[in-house]
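# Residue-level structural notes
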Amino acid sequence: MSANPVNASVFADERLLFEPVAAHGNALEVIFAFPNTYSVGITSLGYQVVWATLAMREDISVSRLFMDVREPLPEGADLLGFSLSWELDYVNILSVLESLQIPIRSQWRDDRHPLVFGGGPVLTANPEPFANFFDVILLGDGEDLIPNFLNACQEVRGASRGEQLRRLAQVPGVYIPSLYEVCYQSPEGAIASITPIEAEVPPQVQKQTYRGNTLSTSSVVTPQAAWENIYMVEVVRSCPEMCRFCLASYLTLPFRIASLEESLIPAIERGIQVSDRLGLLGASITQHPEFEAVLDYLDQDCYEDLRLSIASVRTNTVTPKLAQILTKRGTKSITIAVETGSERLRRVINKKLENPEIVAAAQQAKAGGLKGVKLYGMVGIPGETEEDVSATIGMMSELKREVPGLRLTLGCSTFVPKAHTPFQGYGVNPQAKKRLKQLEKALRSQGMDFRPESYNWSVIQTLIARGDRRLSHLLELVRDYGDTVGSYKRAFKQLRGQLPPLDYYVHENYEGDRILPWSHLRGPLPPETLAKHLTDAQNAMSETSHVPTA
């Protein structure tokens with residue numbers, strides 16, 4: 001944090017879409033932080049919505065804090081909250097704690113310190129690597145969870161820290177890591193048990209799911225955001241496709257849609273009063289059953305100056321009409337997640353897609369006036385063979401041949417196992433690094449744009465995605481050494497004998513009965529259902545491959 005991070009001019013640029021209320025004299029003092037810069041944090045729809053929820057309660061006095069700017073902070077805060085959207089931002093959480101003279105670990109805090117809470121997709125998926133840094137972790141959707149948590153905080157106000165935490169543990173979706181003991185088979189071994197330390201503490205904490213049809217919209221628009229002046233509308237939540245690696249689908253089930261007349265259109269109308277830039281968000285927005293009506297609405301002449309951005313779309317929803325309206329509203333390309341060119345491997349991951357559909361989508365995009373199509377791919381998918389990688393090269397070559405003049409980009413990541421998905425037990429395939437190079441060489445030689453994500457950082461992402469509490473010390477060391485891949489290896493070397501090696505967390509395949517770090521934290525689907533989906537995938541893996549080689 002900078003020496004003088006208060007910067008009123010940044011906040012003065014904000015245009016609010018809600019009415020903050022004045023806090024009464026006995027309000028809870030809350031600092032709500034985002035562990036990155038203002039431009040990044042204010043672009044997070046989740047952060048915006050929670051901040052507005054806090055600011056509209058008269059029993060809460062909230063101040064915002066970012067890594068480069070902050071509002072004036074209270075001297076004795078009751079709560080310090082973090083919204084964590086990216087794993088590696090944890091280093092900034094530690095910096096904030098130190099700057100506020102709050103001990104990094106929850107066990108070192110006492111009644112003088114605020115309760116440190118956190119939420120967001122990273123902590124909902126697997127909070128355990130960060131568990132020692134938080135007093136409270138909120139699991140799931142904030143619509144009901146945040147108000148219930150704040151109400152409970154009011155009720156326990158004045159009690160001792162230990163009593164507050166024990167009573168907060170009774171609120172659905174509120175996880176108190178210090179009230180659970182994790183035992184290991186050995187310092188370098190697997191988890192032996194995860195148990196509450198007291199009988200009154202729930203043995204499992206259930207992720208909370210909001211089931212309404214009014215989804216999130218921006219509470220603030222500002223030119224200082226990473227997406228300048230963007231007004232964001234959540235069209236759908238979760239995804240009905242349920243690709244077996246996909247956290248965005250499995251962790252956020254069930255698939256929910258914003259009501260067109262009651263929510264979606266009124267939200268868009270509010271936003272375009274303050275901005276000419278609209279972002280439609282969701283993992284599968286074109287699968288909203290009334291998405292065509294949304295397009296018709298945005299195609300009105302009165303919105304000719306509107307600039308529209310949309311998230312990734314399904315191939316079978318790409319029509320000339322969609323492409324034409326996007327082109328008219330300033331969009332030059334669309335993004336489609338195809339994962340692989342191998343139809344066999346798509347059956348393994350439950351990606352309901354065939355290559356002719358991809359070609360057709362590209363043709364429709366070009367016919368509607370779009371200049372480019374970006375495809376998302378992945379290497380290292382469980383069950384992948386060299387033949388599957390060749391099929392991806394063949395798919396891209398076919399696209400270039402069938403849709404000449406369209407700019408084609410393949411962004412490619414390495415498979416990273418995620419908690420609460422059927423593929424959570426698979427490790428990273430070391431062959432993925434070589435396969436990224438193989439794709440790069442083949443596609444760039446044909447003049448195509450290939451954008452690989454770093455294999456080495458995928459390894460670190462996996463470490464945190466599958467990590468347990470033993471990583472706390474390692475994360476502290478990495479932060480001191482510097483945020484590089486080499487720092488992780490150095491920290492593992494220093495802690496040898498105190499925790500498992502890197503390969504245990506990253507590359508090892510876990511057997512089905514393994515106690516996972518998040519086994520006491522329940523997502524939308526029970527373990528038995530995830531196991532069935534895994535069996536279906538493994539059956540598909542055993543199919544004879546008929547994909548052509550390039």
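Residues numbered from 1 in each chain as written. Predicted model: local features only at pLDDT ≥ 70, side-chain atom pairs only at ≥ 80, totals over all residues. Heavy atoms only, no water.

Below, the discussion takes up helix α9 (residues 260–271). Taken as a whole, α9 has its buried residues at L260, S263, L264, I265, A267, I268 and G271. One side of α9 holds all its buried residues, which, seen down the axis, span an arc of 160°. With respect to the buried face of α9, the exposed residues turned more than 90 degrees away are E261 and E262. Packing partners of the buried residues in α9 comprise β12 (230–234), β15 (277–281) and α10 (291–298). Between a side-chain oxygen at the N-terminus of α9 and the backbone nitrogen of E262 the separation is 3.3 Å; the capping residue is S259. (Buried < 20%, exposed > 50% of the residue type's maximum accessible area, 1.4 Å probe, protein only. Helix = DSSP H or I, 4+ residues; strand = E, 2+ residues; numbered from the N terminus. Arc of directions from axis to C-beta. Contact = heavy atoms within 4.5 Å. Polar contact = N/O pair within 3.5 Å; in protein donor to acceptor, adjacent residues only side chain to side chain.)

So, about the pattern of salt bridges. In total, this model carries 35 salt bridges according to the counting rule given. Taking the shortest distance from any N to any O, the salt bridge between R105 and E476 comes out at 2.9 Å. Linking R105 in the loop between α4 (90–99) and β5 (115–119) with E476 in helix α17 (residues 471–481), this pair joins segments that are 371 residues apart in sequence. Grouping residues by exposure puts R105 and E476 together as buried. The shortest N-O distance in the salt bridge between K321 and E292 comes to 3.1 Å. In this pair, K321 sits in helix α11 (residues 320–328) while E292 sits in helix α10, placing the two residues 29 residues apart along the sequence. Sharing partners across several salt bridges, the network here consists of D141, E143, E234, R237 and R256. (Salt bridge = Lys/Arg side-chain N within 4 Å of Asp/Glu carboxyl O.)

As summarised here, the arrangement of the 6 strands in space is β3-β2-β4-β5-β6-β7, forming an open sheet in which the pairing is mixed. On the outer flanks of this sheet lie β3 (60–65) and β7 (174–175), each paired with one strand and no other. Of the strands in this sheet, β3, β4 (79–83) and β5 touch α4, which is tilted by about 160° from β4. Of the strands in this sheet, β5, β6 (136–138) and β7 are in contact with helix α7 (residues 161–168), which crosses β5 at around 25°. (Pairing = 2+ DSSP bridges. Axes fitted to C-alpha atoms, helices over the stretch in contact; angles between N-to-C directions.)

Glancing now at the packing of helix α6 (residues 142–156) against α7. Each pair of packed helices gets described by two things: the angle between the helix axes and the distance between those axes. As a packed pair, α6 and α7 sit with axes 10 Å apart at the nearest point and diverge in direction by 145°. In this structure, α6 meets α7 at a crossing whose hand is right-handed. Contacts between α6 and α7 involve F149, A152, C153, E155 and V156 from the former and Q164, R167 and L168 from the latter. For the contact of α6 with α7, a count of residues per class yields 5 nonpolar, 1 polar and 2 charged. (Left-handed = near helix turned anticlockwise from the far one by under 90°. Nonpolar A, V, L, I, M, F, W, Y, C, P; charged D, E, K, R; others polar.)

Before going further, it helps to examine helix α16 (residues 455–465). The buried fraction of α16 is high, at 8 of 11 residues. By the N-cap criterion, in which a side-chain oxygen at the helix start approaches the backbone nitrogen of a residue two or three places on, α16 is capped by S454, the distance to N456 being 3.3 Å.

The next point concerns the environment of S390. Mapped onto the secondary structure, S390 falls in helix α14 (residues 386–402). The exposure class of S390 is buried, given its relative accessible area of 16%. Taking the C-alpha atoms as reference points, S390 and A442, 52 residues apart in sequence, are found 9.4 Å from one another.

This part is about the environment of R277. Its place among the elements puts R277 in strand β15. Once you skip the residues sitting within four places of it in the chain, R277 turns out to touch W227, E228, N229, I230, Y231, L306, R307 and S309. Looking at R277, its side chain comes within polar contact range of the main-chain oxygen of E228, at 3.4 Å.

What follows covers the UniProt feature "domain: Radical SAM core" (unreviewed entry) in the protein chain. Under the UniProt annotation, "domain: Radical SAM core" (unreviewed entry) lies at residues 225–453. Annotated as 37% helix and 20% strand, the span residues 225–453 places its first and last C-alpha atoms 24 Å apart. (UniProt positions renumbered as here; feature names shortened; annotations may be inferred.)

Okay, unusual backbone geometry next. Of the consecutive residues L253 and P254, the connecting peptide bond is found in the cis state with omega at 0°. Its identity is not glycine, yet N350 carries a phi of approximately 70°, on the positive side. Structurally, N350 can be placed in the loop between α12 (343–349) and α13 (355–367).

This next bit is on the packing of α10 against α11. Taken N-terminus to C-terminus, the directions of α10 and α11 make an angle of 35°; their axes are 10 Å apart at the nearest point. Regarding α10 and α11, the two cross each other, and that crossing is left-handed. Where α10 abuts α11, its residues F291, E292, L295 and D296 lie against K321, L322 and I325. Of the residues contributing to the contact of α10 with α11, the split by class is 4 nonpolar, no polar and 3 charged.

So, about the layout of surface pockets. Reported here for the second largest pocket is a volume of approximately 630 Å³. In terms of lining residues, the second largest pocket is bounded by 29 residues, among which Q424, G512, R514, L516 and P527 are the most central. Contributing elements (two or more residues each) for the lining of the second largest pocket: β21 (521–522) and α20 (527–541). The element that contributes the greatest number of residues to the lining of the second largest pocket is α20, accounting for 5 residues. (1 Å grid on protein atoms, 1.4 Å probe; cavity = no way out; pocket = protein on both sides within 12 Å on 5 of 7 lines; lining within 4 Å. Points joined across faces, edges and corners; volume = space filled by probe spheres on them.)

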